[in-house]
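Remarks on the overall topology
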Amino acid sequence: MSASPGQTVGPFFHIGLPYAGDNELVPPGRADAIRLHGRVLDGDGVPVPDALIEIWQADSEGKVCRAPGSIRRDGWTFTGFGRAATDPDGHYWFSTLEPGATQPDRPPFIAVTVFARGLLDRLFTRAYLPDPEVAGEDPLLDTIDSDRRGSLIATRDEQGLVFDIHLQGPRETVFLSFPKHRGVWA
Amino acid sequence: MTTTQADISREIQAGQDGGPEHQPRLDYPAYRSSILRHPTKAPHPVDPEGVELWAPCFGHTDVAEAEADLTIQHAGEPLGSRMTLSGRVLDGDGRPVAHQLVEIWQANASGRYAHLRDQHPAPLDPNFTGQGRCLTDADGWYRFTTIQPGPYPWRNHLNAWRPAHIHFSLFGTDFTQRLVTQMYFPGDPLFPLDPIFQSVTDPKAREALIATYDHDLTSPEFSLGYRWDIVLTGTHRTPLDTDTEEPA
């Protein structure tokens, strides 16, 4: 069957998608909480104030979460899913855990989707933890030119991780297509 | 110089020359806001791994049944034509996507969003916010009660109007199936003029975004019925029985 086409989230997605606590996978300030944050930028390097970022990740042990509760969070259950709209400066943040590797000897990553006004369909990417080569070889990172590889790897700051997303331009983020998407892209 | 509908219609026509494509072109300058916001490099092909082979779980703890009725969120009844909107969410292999989250948002009957950025001088409706959620059932069915949204002007070009639509957000059984799209109404005269709708250059694929009137969904003396089915991309992991079980 042919997949239904995507369409942009438009400028008014704040009515429908954000919810209270959407970006707090764990309560901020908890001992093992990290902040994952960054900016979404357009082809001129201008911040995008109407983008929405979603993350989906394993817990700190590398276990994929199968528990509901991402919308009405109970403060104790880690569900692995979060959502954050960018602020007027194009900045987003999550309070989350550093994910463990889901397979031995593979660098852990957080799956990321990007939506925005002006973006006609969602984009997929990955935010790898810093120094992925220490954890092992990676079939994606190993095939990406060194000048673009960095766009997939978060950097560390005092509170956790920084991951900027460039929709276009010289530092354009590497976006991904999966086998069942083939033919979807021009 | 002011961009007119004639200019945009010429660009839409030129966009057809690239051949029919089933998904929207990201590089589609007739939609002006896309110019600096689309990637210019081809997406990198990769096999999904780890979390990408699974999707977040949502359950009745997340979504109350009343959230599927957008007409009961305030003290009074919203203005406009009440409608029942229902359909099935299927994956690329035709399997129903069971117990998964569906989110919608929309303008009110006058074509105004309850959003600060919407300055269209049409009335806000104190009885309508325009946001709803539900979970699909075991056979992938969703169902909302809402009111028919109005078309509205936007500033892409002079005299630009969006066809009436409802925004939909969907999850599958693996994260690669994530979809956000818009559902339109049959026979809208604004279709040929709208660069967002026309960014899908395959006419058959555009039709997949249009609901059909369904008299079997129409309720006597209550609401008109519309049916809209949604097909996600294929799964990369053979779904397990536990995928169709209802979360606790």
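Our focus in this paragraph is the overall build of chain A. Each helix and strand counted, chain A has two helices and ten strands in total. Secondary structure elements of chain A occur, N-terminal to C-terminal, as β-β-β-β-β-β-α-α-β-β-β-β. Reported as C-alpha extents along the three principal axes, the dimensions of chain A are approximately 40 × 40 × 40 Å. Counting every position in chain A, which comprises 186 residues, the buried fraction comes to 49%. At a minimum sequence separation of 6, the contacts of chain A that also span at least 24 residues come to 70%.

Now for the overall build of chain B. Helices and strands together make up the secondary structure of chain B, namely three helices and twelve strands. For chain B, whose C-alpha radius of gyration is 19 Å, the value lies close to the compact-globule estimate of 18 Å for 248 residues. Principal axes of the C-alpha set define a box for chain B whose edges measure 60 × 50 × 35 Å. Per-residue burial over chain B gives 44% buried out of 248 residues. Here the contacts in chain B between residues at least 6 apart in sequence split such that 72% fall between residues at least 24 apart.

With that settled, the discussion passes to the interface of chain A and chain B. With 66 residues of chain A at the interface, the matching set in chain B holds 70 residues. At the level of elements, strand S5 (109–116), strand S6 (123–128) and strand S10 (176–177) of chain A are the ones that each hand at least two residues to the side of chain A that touches chain B. For the side of chain A that touches chain B, the element with the highest residue contribution is S5 of chain A, accounting for four residues. Residues belonging to the side of chain A that touches chain B are distributed by class as follows: 35 nonpolar, 22 polar and nine charged. Here S10 of chain A pairs with strand S1 (residues 44–45) of chain B via two bridges, running parallel. The partner of Leu 176 of chain A across the bridge, within S1 of chain B, is His 44 of chain B.

Here we take up the sheet that holds strand S9 (residues 179–184) of chain B. All names here are of chain B. Spatially, the four strands line up as an open sheet ordered S4-S3-S8-S9, and their pairing is antiparallel. The sheet is open, and its two borders are formed by strand S4 (131–135) and S9, each paired with just one other strand. Mean inter-strand twist for the sheet, computed between neighbouring axes without regard to direction, equals 20°. Here six bridges tie strand S8 (residues 165–170) to S9, and the two strands are oriented antiparallel to one another. Across the sheet, Ser 169 pairs through a bridge with Val 180, a residue of S9.

The subject of this paragraph is the confidence of the model for chain B. For chain B, per-residue confidence averages 95 on the pLDDT scale, and 100% of positions sit at 70 or higher. Overall fold confidence (pTM) sits at 0.97, and the ipTM for the predicted complex is 0.96.

Further remarks concern unusual backbone geometry. A positive phi angle is found at Asp 131 of chain A, which is not glycine, with a value near 55°. Among the structural elements, Asp 131 of chain A can be located in the loop between S6 and helix H1 (132–135).

Considering the arrangement of structural elements, one finds Gly 6 of chain A in the segment before strand S1 (34–41). Sequence separation of Gly 6 of chain A and Ile 71 of chain A is 65 residues, and the distance between their C-alpha atoms is 23 Å.

Rules and cut-offs
Residues numbered from 1 in each chain as written. Chains lettered and ligands numbered in written order. Predicted model: local features only at pLDDT ≥ 70, side-chain atom pairs only at ≥ 80, totals over all residues. Helix = DSSP H or I, 4+ residues; strand = E, 2+ residues; numbered from the N terminus. Buried ≥ 20, exposed ≤ 12 C-beta atoms within 10 Å, placed from the backbone. Contact = placed C-beta atoms within 7 Å. Rg over C-alpha atoms; globule rule 2.2 N^0.38 Å. Nonpolar A, V, L, I, M, F, W, Y, C, P; charged D, E, K, R; others polar. Pairing = 2+ DSSP bridges. Axes fitted to C-alpha atoms, helices over the stretch in contact; angles between N-to-C directions. pLDDT = per-residue confidence, 0-100.

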